[in-house]
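Chain by chain, the residues run as shown.
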Amino acid sequence: MAKRILLVDDDVDYLATLQVQLEASGYEVTSADSVDKGLEALEQCQPDIAVVDLMMQEQDDGFRLCYHIKKKTPTVPVIMVTAVMSETGFDFGAATEEERRWIKADGFLAKPVRLEQLIREVERLVEG
Amino acid sequence: MDTLRVLVVDDELGIRHSVSRALRDFTVVVPDVDVEVGFAVDSAASGEEALEKIDEQAPDVLLLDHQMGGMTGIEVIEQIAARELSILTVMITAFATISTAVRATKSGAFDFVPKPFTPAELKETVRKAAAHLMTQRRARQMAEEKRRVRFEFIRVLGHELKAPLGAVESYLTIIKNRTLGNELDAYDQMIDRCLIRTEGMGKLILDLLDMTRIESGQKVREVREINVLTLARSAVENVAPVAADRGIEVILHCEEDVLMLGDEGEIQIVLNNLVSNAVKYNRDGGRVDVRLNCDTEIVDIAVSDTGFGLSSEDRSRLFNDFVRIKSENTRDIAGSGLGLSIVKKISDLYEGSCSVTSELGVGSTFSVSLNRGVSLENPNNGSRGDK
């Protein structure tokens with residue numbers, strides 16, 4: 001059965017392109033362009049994994065959504081994605097275990113996300 | 001009240017006691033930075049003891065005798081410099097010769113009090129030292145704050161430039177790989193999205209240049225008498241083709257010249273931003289009203305549209321950097337999120353104000369008030385730029 005991915009990002013182009021590419025790679029994709037829509041979609045599509053943008057309408061929307069996803073569905077892994085440059089701010093690639101626990105995300109990727117990279121991360125986090 | 005730590009170093013017990021007594025209940029108000037400062041005084045009987053105390057906890061101000069039994073005052077200053085500590089030092093000495101003063105100042109002393117001194121003389125010297133320290137600290141805080149704001153701006157700018165680049169790259173990858181097979185219509189839509197995103201990036205770059213021009217203050221502002229009506233006409237003409245395409249009527253309600261002292265380029269940026277936003281965020285077949293009013297002091301520019309309207313939450317943050325209202329209605333509109341923040345910055349230069357009133361689904365009115373005859377120096381010089 002195809003793995004189900006929930007994509008949340010307020011950049012509609014990012015959503016559209018990633019959805020097309022992931023579907024072409026055999027995944028089932030639900031997309032949402034805000035935290036609220038993301039939470040709604042979470043209940044409806046029961047994803048195997050969520051891919052969440054950090055900076056949406058508010059700078060920390062991604063953290064907020066991630067927190068709620070973990071609270072409602074603790075077994076769904078979350079990948080956090082951001083275009084914020086590591087050299088001027090957060091460096092997610094180097095996030096320590098403690099930071100990861102606090103943020104509760106299971107993986108971090110920098111934007112623009114390479115499709116192969118995302119698929120590798122999805123496959124690593126979702127078994128079977 | 002802030003407290004500055006003072007260390008008195010003198011081999012005469014009487015001096016140490018009298019300094020402690022004089023400063024015990026002494027306070028200084030530093031008007032430039034609006035703080036009151038008190039003093040906590042500690043003392044040492046030799047240079048060696050002073051350095052031990054400094055190594056434990058460095059004071060803010062050092063009152064330092066020069067001629068002591070062991071190390072001299074200047075040797076203490078040199079030791080402090082070697083430790084790369086920044087302590088404001090005032091020399092107190094009976095050997096108040098010019099040459100000692102020069103040597104001490106060269107080694108980094110801030111000031112000099114000759115012995116014997118009265119409590120009033122000591123207090124005056126300490127007052128100067130405290131004012132210097134507090135002003136320096138405030139300047140450092142402001143520089144740090146400025147650096148932080150700049151850093152944050154660049155961080156968000158990086159995000160705003162990377163996002164459209166990423167989107168265009170992804171669309172091009174899909175098109176190149178023919179991921180959607182032979183659905184040519186889908187590819188056409190993707191190309192349209194690419195064009196919208198690159199247009200947005202172009203606009204961001206132009207707005208950044210405008211903003212740099214306003215904020216740098218390096219470019220000379222050409223302030224002279226200008227006619228706001230002429231600039232408003234030009235802004236309306238600029239949007240005419242786009243407005244006509246979408247059946248939007250743009251009406252300028254002003255017959256008479258509206259004169260003010262200002263930089264033509266700046267006021268044109270304000271009008272262009274307001275009028276082009278009113279068209280961009282309007283519905284097809286809508287209407288834009290541009291009104292100019294003035295009294296003896298103020299020019300009011302008000303631009304109304306019949307667009308989607310704004311929530312109160314959106315209204316409150318609209319004039320900040322990089323704010324774009326994201327909704328179904330705005331997704332196809334190229335914007336940088338800097339236009340209104342630039343309008344706000346320009347209106348500040350004219351001691352003016354910006355505001356917006358709006359009703360969801362009905363439309364919005366953006367108003368900018370500008371002082372007609374504001375004093376005309378460079379924005380980064382003089383008091384006006386600080387307000």
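The rules behind the values
- Residues numbered from 1 in each chain as written.
- Chains lettered and ligands numbered in written order.
- Predicted model: local features only at pLDDT ≥ 70, side-chain atom pairs only at ≥ 80, totals over all residues.
- Helix = DSSP H or I, 4+ residues; strand = E, 2+ residues; numbered from the N terminus.
- Buried ≥ 20, exposed ≤ 12 C-beta atoms within 10 Å, placed from the backbone.
- Contact = placed C-beta atoms within 7 Å.
- Pairing = 2+ DSSP bridges.
- Axes fitted to C-alpha atoms, helices over the stretch in contact; angles between N-to-C directions.
- Core = buried A, V, L, I, M, F, W, Y, C linked by C-beta atoms within 7 Å.
- pLDDT = per-residue confidence, 0-100.
- Parallel < 35°, antiparallel > 145°, perpendicular 65-115°, else oblique.
- Left-handed = near helix turned anticlockwise from the far one by under 90°.
- Nonpolar A, V, L, I, M, F, W, Y, C, P; charged D, E, K, R; others polar.
- Arc of directions from axis to C-beta.

A. Focus on the overall build of chain A. Along its length, chain A carries five helices and five strands. Put simply, chain A runs from its N terminus to its C terminus through helices and strands in the order β-α-β-α-β-α-β-α-β-α. Within the span of chain A, comprising 128 residues, buried residues form 43% of the whole. For chain A, the share of sequence-separated contacts (at least 6 apart) that also reach a separation of at least 24 residues comes to 64%.

B. Inspection of the sheet that holds strand β6 (residues 111-114) of chain B at higher detail. Residues and elements named next belong to chain B. The strand order across the open sheet formed by six strands is β2-β3-β1-β4-β5-β6, and the pairing between neighbours is mixed. Both edges of this open sheet fall to β2 (27-30) and β6, since each of them pairs with a single strand only. Strand-to-strand, the axes of this sheet are offset by a mean angle of 25°, without reference to chain direction. Looking at chain direction, strand β4 (residues 61-65) and strand β5 (residues 88-93) are connected through five bridges and run parallel.

C. How the structure looks around the nonpolar core. The biggest cluster of nonpolar side chains holds 39 residues, and the ones touching the most others in it are V270, L271, L274 and V275 of chain B. For this core, the secondary structure elements donating two or more residues are α6 (184-216), α7 (228-245), α8 (264-280), β10 (287-294), β11 (298-304), α10 (339-349) and β13 (363-371) of chain B. In terms of residue count, the dominant contributor to this core is α8 of chain B (eight residues). Not counting chain neighbours up to four residues away, the residues in contact with V270 of chain B comprise I301, V343, I346 and V368 of chain B. In terms of nonpolar packing, the next biggest core, distinct from the first, is built from 37 residues, L18, A50 and V113 of chain A together with I174 of chain B among them.

D. Structural context of the confidence of the model for chain B. Averaged over every residue, the pLDDT of chain B is 85; the share at 70 or more is 91%. Complex prediction metrics read pTM 0.58 and ipTM 0.72.

E. Main features of the packing of helix α5 (residues 119-177) of chain B against α6 of chain B. Residue and element names in this part refer to chain B. One can describe the packing of α5 onto α6 by two numbers: an axis separation of 9 Å at closest approach and a directional angle of 160°. Relative to α6, the element α5 lies roughly antiparallel. The two elements α5 and α6 cross, and the hand of that crossing is left-handed. Across from E160, L161, P164, A167, V168, Y171, I174 and I175 in α5, the residues of α6 making contact are Y187, M190, R193, C194, R197, T198, G200, M201 and L204. Residues of the contact of α5 with α6, tallied by class, amount to twelve nonpolar, two polar and three charged.

F. The sheet that holds strand β3 (residues 49-53) of chain A, seen in detail. Residues and elements named next belong to chain A. Spatial strand order, β2-β1-β3-β4-β5: five strands in an open sheet with parallel pairing. Here the strands that pair on one side only, and so sit at the sheet edges, are β2 (28-32) and β5 (107-110). On average, each strand axis in the sheet is inclined to that of its neighbour by 20°, with strand direction left out of account. Both β3 and strand β4 (residues 78-82) contribute to a ladder of four bridges, which runs parallel. Counterpart to D53 in the pairing with β4 is V81.

G. Geometry of helix α2 (residues 47-56) of chain B. Residue and element names in this part refer to chain B. The complete set of buried residues in α2 reads G47, A50 and I54. With its buried residues spanning 55° around the axis, α2 presents them on a single face. Exposed and oriented more than 90 degrees from the buried face of α2 are E52, D55 and E56. Contacts made by the buried residues of α2 are with β1 (2-9), β3 (35-44) and α3 (73-82).

H. How the structure looks around the pairing of β4 of chain A. All names here are of chain A. Within β4, five of the five residues are buried, which leaves it mostly tucked inside the rest of the structure. Of the two faces of β4, the one carrying V78, M80 and T82 and the one carrying I79 and V81 are both buried. With four bridges joining them, β4 and β5 adopt parallel strand pairing. Counted as the bridge partner of T82 is A110 from β5.

I. Layout of the environment of D11 of chain A. Here D11 of chain A shows up in the loop between β1 (4-8) and α1 (12-24). In this structure D11 of chain A comes out as buried when scored by C-beta crowding, with 22 C-beta atoms within 10 Å. Between the alpha carbons of D11 of chain A and D33 of chain A there is a distance of 7.0 Å; along the sequence they are 22 residues apart. Once residues lying within four places of it in the same chain are set aside, the contact partners of D11 of chain A are A163 and A167 of chain B.

J. Highlighting unusual backbone geometry. Residues and elements named next belong to chain A. A positive phi angle, close to 40°, is found at Q46, a residue other than glycine. Relative to the helices and strands, Q46 resides in the loop between α2 (35-45) and β3. On the neighbour-count criterion, Q46 (12 C-beta atoms within 10 Å) is exposed.

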